[in-house]
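# Examination of the molecular architecture
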Amino acid sequence: MSYNVRVLFPSQAGDLAMEIRRLGGVPPPAEALARLGFPGLVRLERVPAALARRVKEAMEIAAGGAALHPADGGGGADGPTEVLLGGSVSQMEAACARLRALGPDAADLAAEVEALLSVLGHPPTVFRCRSAVLDLSRPQVVGILNVTPDSFADGGRYLDPGLARERAHAMVAEGADLIDIGGESTRPGADPIPPEEEVRRVLPVVKTLRSEVRVPLSVDTRKAGVARQVLDAGADMINDISGLQGGPGLAREVAVAGGALVLMHMKGTPRTMQAEAHYRDLVGEVMAFLRTQVALAEEAGVDPSAIAIDPGIGFAKRAEHSLTILRRLGEFRSLGRPLYVGPSRKSFIGAVLDLPTEDRLEGTAAAVAAAILGGASFVRVHDVGPMVRVARVAHAIGRA
Ligand code: HH2
C-alpha cells in the first residue's frame, strides 16, 4: 500500500517526457522502452533509494529496465525516491521473484507490483449493490435525478416529488441501470445545506421509488446521517463526492446496511474546490487519495466488491485536468476497482465547445465514449436514452 504502485500508459510523447522530468531528467533505458511487451510503465513512489537500486538491478537481470533519479542511483543517499519500471509482464514477474528473496521490504514491494499486474489482468466483473449483483461485463448507465433548486443542469426541474418520480420512471424506460438521487447541489461555488433539508428533499423520493422501480437506487450525499436514513428507506448505494473526507462514519452506515459506495476525489468543498485545482502530478495524486480512502472504507467494513472509485471530473479540476483524466482513465485500473465517471454536460465540455449546459449532448457523448474505452464501468448522465446508445457502441468498439 505504501508505494502508490500504478501503471502508466504514456499515450503521448509528452506524458513520458513529464515522467522523465520527474525522475530528474534521466531517460529510462531506450532498449527497455523499446521492449515494452506490456503497453505501459509501472511507477513506484516513496521507495527507499537502496531498495530502488535493488529493484533496478532485478529488472535489468530480467532484461527489462528501470529508471531512478540520478541522485539515488549511485549508492549514496537513502531517502525515498520514485522508480519507473519498463518491461514486459513476464520480465516484471521475474524481477519480483528475485526481489522476494531479498528480505521483507523487497518482498513487500514485489507483492505490490504483482498485485498490480494481477488486477490489470483481471478487472472486476461484478459489483455488489445490496441485494443486486451488477454485471460489469457491460457499462452501467446511472441516471441523474437532482431534487434540488440549484443543480447546474437540472436544478429546480424535479423538486416536486411527483415530477421526480416521473423522471425516474422515464430514465428507467430509457435504459438506466441505476438512479442517482441528489438533494444538495455540488456545482462549483454551491453552499452546503443542512442535513434535515437534504433528507426532506431526498427521502420521499427514495421511499416512493423503492416500491416502484427495480433498478438499484443510489443517493448522492456526503453526510452519514442522511446516508443512514436513505439506506433504512431502501437505497442501495451511497455516492460520496467527498470520498469519505467527512470521516469513516458514512462508510460505517453503508457497511451496516450492506450497501455499495462510490468514493470520489475532490479537494476542498464545492464552494472552495476550484481555487484548489493545482496538482504536481494530477493522476498520481488523485490515485493516491482514492487508494487511501478505499482502505478507509474497507476498514469500516464496506464489502470490497461494493466500492467504486471516481476521479471527480470537474471537482477541483480545471478543464485541462478533466480532459487529461479522461484520456488517462485506464491508469486508474491500477486500483482494481470499478471506475465510475460523471462527465455529463460539465464545464470542460463547455470550455472545448464554447456552448452552454443545454447544448452539451454531443460533447457528453464524446466524453462517455472516451470513458468507456478507458475502462469505466459506470457513467453518470442526465441524457439517459442517448447515452445508453453511446455506451453500447463504445463498449462494442472496446471489445472488437
Ligand atoms: N458530479 C456531480 C454530482 N455528483 N457524483 C459522482 N460520483 N461523480 C460525479 O462526477 C458527480 C457526482 C455534479 O453533477 P450534477 O449532479 O448534475 O450537478 P449538481 O451537483 O449541481 O447537482
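Residues numbered from 1 in each chain as written. Predicted model: local features only at pLDDT ≥ 70, side-chain atom pairs only at ≥ 80, totals over all residues. Heavy atoms only, no water.

## Points about the pairing of strand β2 (residues 41–48)
Buried residues dominate β2, accounting for six of its eight residues. Looking at chain direction, strand β1 (residues 6–8) and β2 are connected through three bridges and run antiparallel. Across the sheet, leucine 8 pairs through a bridge with leucine 41, a residue of β2. Where β2 and strand β4 (residues 80–86) come together, six bridges link them in antiparallel fashion. Paired with leucine 41 across the strands is glycine 86, a residue of β4. (Buried < 20%, exposed > 50% of the residue type's maximum accessible area, 1.4 Å probe, protein only. Helix = DSSP H or I, 4+ residues; strand = E, 2+ residues; numbered from the N terminus. Pairing = 2+ DSSP bridges.)

## Concerning the site of the ligand
Neighbouring the ligand are 18 residues, the closest being Ser151, Thr186, Asn239, Asp310 and Lys346. At 2.6 Å from a nitrogen atom of the ligand is found a side-chain nitrogen or oxygen belonging to aspartate 310. The contact in question runs from an oxygen atom of the ligand to an N or O atom on the side chain of histidine 382, over 2.9 Å. Within the complex, the protein chains bury 99% of what would otherwise be the 470 Å² of accessible surface of the ligand. The class makeup of the residues in the shell around the ligand is six nonpolar, seven polar and five charged. (Near = heavy atom within 4 Å. Polar contact = N/O pair within 3.5 Å; in protein donor to acceptor, adjacent residues only side chain to side chain. Areas by Shrake-Rupley, 256 points an atom, 1.4 Å probe, with all protein chains shown as cover. Nonpolar A, V, L, I, M, F, W, Y, C, P; charged D, E, K, R; others polar.)

## Topic: the pattern of salt bridges
Summed over all chains, the structure comprises 26 salt bridges. A salt bridge links glutamate 82 to arginine 280; the nearest nitrogen and oxygen atoms lie 3.6 Å apart. Residue glutamate 82 is found in strand β4, and its partner arginine 280 is found in the loop between β11 (260–264) and α11 (282–299); the two are separated by 198 residues along the sequence. The class of arginine 280 is exposed, set by a relative accessible area of 58%. Between arginine 201 and glutamate 197 there is a salt bridge, with its nearest N and O atoms 3.0 Å apart. (Salt bridge = Lys/Arg side-chain N within 4 Å of Asp/Glu carboxyl O.)

## Topic: the environment of arginine 187
Checked against the element boundaries, arginine 187 lands in the loop between β8 (178–182) and α8 (195–212). When the C-alpha atoms of arginine 187 and serine 2 are compared, they prove to be 33 Å apart, with 185 residues separating the residues in sequence. In this view, arginine 187 contacts Asp150, Phe152, Pro270 and Met273; residues no more than four positions away in its chain are not counted. (Contact = heavy atoms within 4.5 Å.)

## So, a nonpolar patch on the surface
On the surface, Leu323, Val352, Leu353 and Leu355 cluster together to form a nonpolar patch covering roughly 320 Å² of accessible area. Within the fold, leucine 323 resides in helix α12 (residues 319–327). (Patch = residues over 30% accessible without salt bridge, like charges linked within 9 Å, V, L, I, M, F, W, Y side chains within 5 Å.)

## A few points about the sheet that holds strand β3 (residues 65–68)
Spatially, four strands are ordered β1-β2-β4-β3 in an open sheet, and the strand pairing comes out antiparallel. For this open sheet the edge positions go to β1 and β3, each flanked by a neighbour on one side alone. Taken pair by pair, the neighbouring strands of this sheet meet at an average axis angle of 30 degrees, ignoring direction. Relative to the sheet, helix α6 (residues 104–121) contacts β1 and β2, its axis offset from that of β2 by approximately 155 degrees. (Axes fitted to C-alpha atoms, helices over the stretch in contact; angles between N-to-C directions.)

## Points about the packing of aromatic side chains
Remark: the centre distance and the inter-plane angle together describe each pair of aromatic rings, the angle taken between the planes. Per the counting criterion, the structure on display carries two aromatic pairs. Aromatic pair phenylalanine 127 and phenylalanine 378: ring centres 5.1 Å apart, planes at 70 degrees, arrangement edge-to-face. In this pair, phenylalanine 127 sits in strand β5 (residues 126–129) while phenylalanine 378 sits in strand β14 (residues 376–381), placing the two residues 251 residues apart along the sequence. Residue classification places phenylalanine 127 among the buried residues on the basis of a relative accessible area of 0%. For phenylalanine 378, a relative accessible area of 0% corresponds to the buried category. The interplanar angle of 35 degrees and the centroid separation of 5.6 Å between the aromatic rings of tyrosine 340 and phenylalanine 378 together place this pair among those described as tilted. Taken together, the positions of tyrosine 340 in strand β13 (residues 339–341) and phenylalanine 378 in strand β14 put the pair 38 residues apart, joining distant regions of the chain. (Phe/Tyr/Trp six-rings, centres within 6.5 Å; stacked < 30°, edge-to-face > 60°.)

## A few points about the pairing of strand β12 (residues 307–310)
Of the two faces of β12, the one lined by Ile307 and Ile309 and the one lined by Ala308 and Asp310 are each fully buried. Pairing analysis gives four bridges linking β11 to β12, with the strands arranged parallel. Its bridge partner lying in β12, leucine 261 is registered against isoleucine 307. Taken together, β11, α11 and β12 constitute a β-α-β crossover, and its handedness is right-handed. (Right-handed = clockwise from strand over helix to strand, strands pointing away.)

## Some remarks on unusual backbone geometry
The phi torsion at asparagine 4 lies on the positive side, around 45 degrees, for a residue other than glycine. As for its position among the elements, asparagine 4 is in the segment before β1. A residue is classified by how much of its surface remains accessible, and asparagine 4, at 1% relative accessible area, is buried. Despite not being glycine, leucine 244 has its phi angle at roughly 65 degrees, a positive value. The class of leucine 244 is buried, set by a relative accessible area of 2%.

## A few points about helix α14 (residues 361–373)
Here α14 is 13 residues long and its end C-alpha atoms lie 18 Å apart, about the 18 Å a rise of 1.5 Å per residue gives. All of the buried residues in α14 are Gly363, Thr364, Ala365, Ala367, Val368, Ala371 and Ile372. On the buried face of α14, the contacting elements are α12, β13, α13 (347–353), β14 and α15 (384–399). Positive phi appears at glycine 375, one or two residues downstream of α14, with a value of about 105 degrees. (Expected span 1.5 Å × (residues − 1).)

## Describing the nonpolar core
Judged by nonpolar contacts, the single largest core of 76 residues is most densely connected at Leu145, Ile181, Val230, Ile238, Leu261 and Phe332. For leucine 261, the residues in contact, after removing those within four places along its chain, are Phe127, Ile238, Asp240, Leu250, Ala251, Val254, Ala297, Val302, Ala306, Ile307 and Ala308. One finds Val42, Leu44, Met92 and Leu120 within the second-largest nonpolar core, a separate group that totals 27 residues. (Core = buried A, V, L, I, M, F, W, Y, C linked by side-chain atoms within 4.5 Å.)

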